[in-house]
Amino acid sequence: MLAYVYKSQKRADTYVFLADRDDFARLPESLRTQLGALTFVMELELTPDRKLARENAAEVMQNLGARGFHLQFPPSTAVDPLSEDWGTDA
């Protein structure tokens with residue numbers, strides 16, 4: 001399955017995979033507004049066992065088949081404050 005990947009110019013590290021190139025009509029209007037302009041990044045051949053950096057290829061393929069698009073958000077940067085060394089070794 002081919003996927004077309006676009007980068008949001010408004011939201012950092014946010015990508016949209018489309019089943020059809022430049023088929024932005026698949027995206028809900030509210031989502032298009034939040035993402036702003038989308039810049040084409042690459043065309044990608046997906047298979048269920050293909051390794052992707054941040055996503056599960058089978059899940060991307062399922063979303064492309066069902067909705068015509070898949071969103072990739074930036075990785076979570078939440079840090080557990082209890083895992084930090086606060087220098088309180090008294």
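Structural data are supplied above this passage.
Residues numbered from 1 in each chain as written. Predicted model: local features only at pLDDT ≥ 70, side-chain atom pairs only at ≥ 80, totals over all residues. Heavy atoms only, no water.

Student: Would you mind showing me how to read the sheet that holds strand E2 (residues 15–18) here?
Tutor: Strands in a sheet are paired, the pairing made by backbone hydrogen bonds, and the direction either parallel or antiparallel. With antiparallel pairing, 4 strands are arranged side by side in an open sheet as E3-E1-E2-E4. The open sheet has two free edges, formed respectively by strand E3 (38–45) and strand E4 (69–72), since each of these has just one partner strand. Strand-to-strand twist of the sheet, defined as the mean angle between neighbouring strand axes without regard to direction, takes the value 25°. Across 4 bridges, E2 lies against E4 in antiparallel orientation. Bridge pairing links Leu18 to Phe69 in E4. The strands touched by helix H2 (residues 57–66) within the sheet are strand E1 (2–8), E2 and E4, with E4 carrying the most contacts at an inclination of about 135°. (Pairing = 2+ DSSP bridges. Helix = DSSP H or I, 4+ residues; strand = E, 2+ residues; numbered from the N terminus. Axes fitted to C-alpha atoms, helices over the stretch in contact; angles between N-to-C directions. Contact = heavy atoms within 4.5 Å.)

Student: Looking at this model, I keep getting lost on the pattern of salt bridges. Mind explaining?
Tutor: Oppositely charged side chains may form a pair once their charged atoms are brought near each other. Tallied over the entire structure, the rule returns 2 salt bridges. Note that Arg26 is salt-bridged to Asp23, the shortest N-O span being 3.3 Å. With its nearest N and O atoms 3.2 Å apart, the salt bridge here joins Glu29 to Arg32. Of this pair, Glu29 and Arg32 both sit in helix H1 (residues 29–35), separated by 3 residues, roughly a single helical turn. You can call Glu29 exposed: its relative accessible area is 52%. The exposure class of Arg32 is partly exposed, given its relative accessible area of 31%. (Salt bridge = Lys/Arg side-chain N within 4 Å of Asp/Glu carboxyl O. Buried < 20%, exposed > 50% of the residue type's maximum accessible area, 1.4 Å probe, protein only.)

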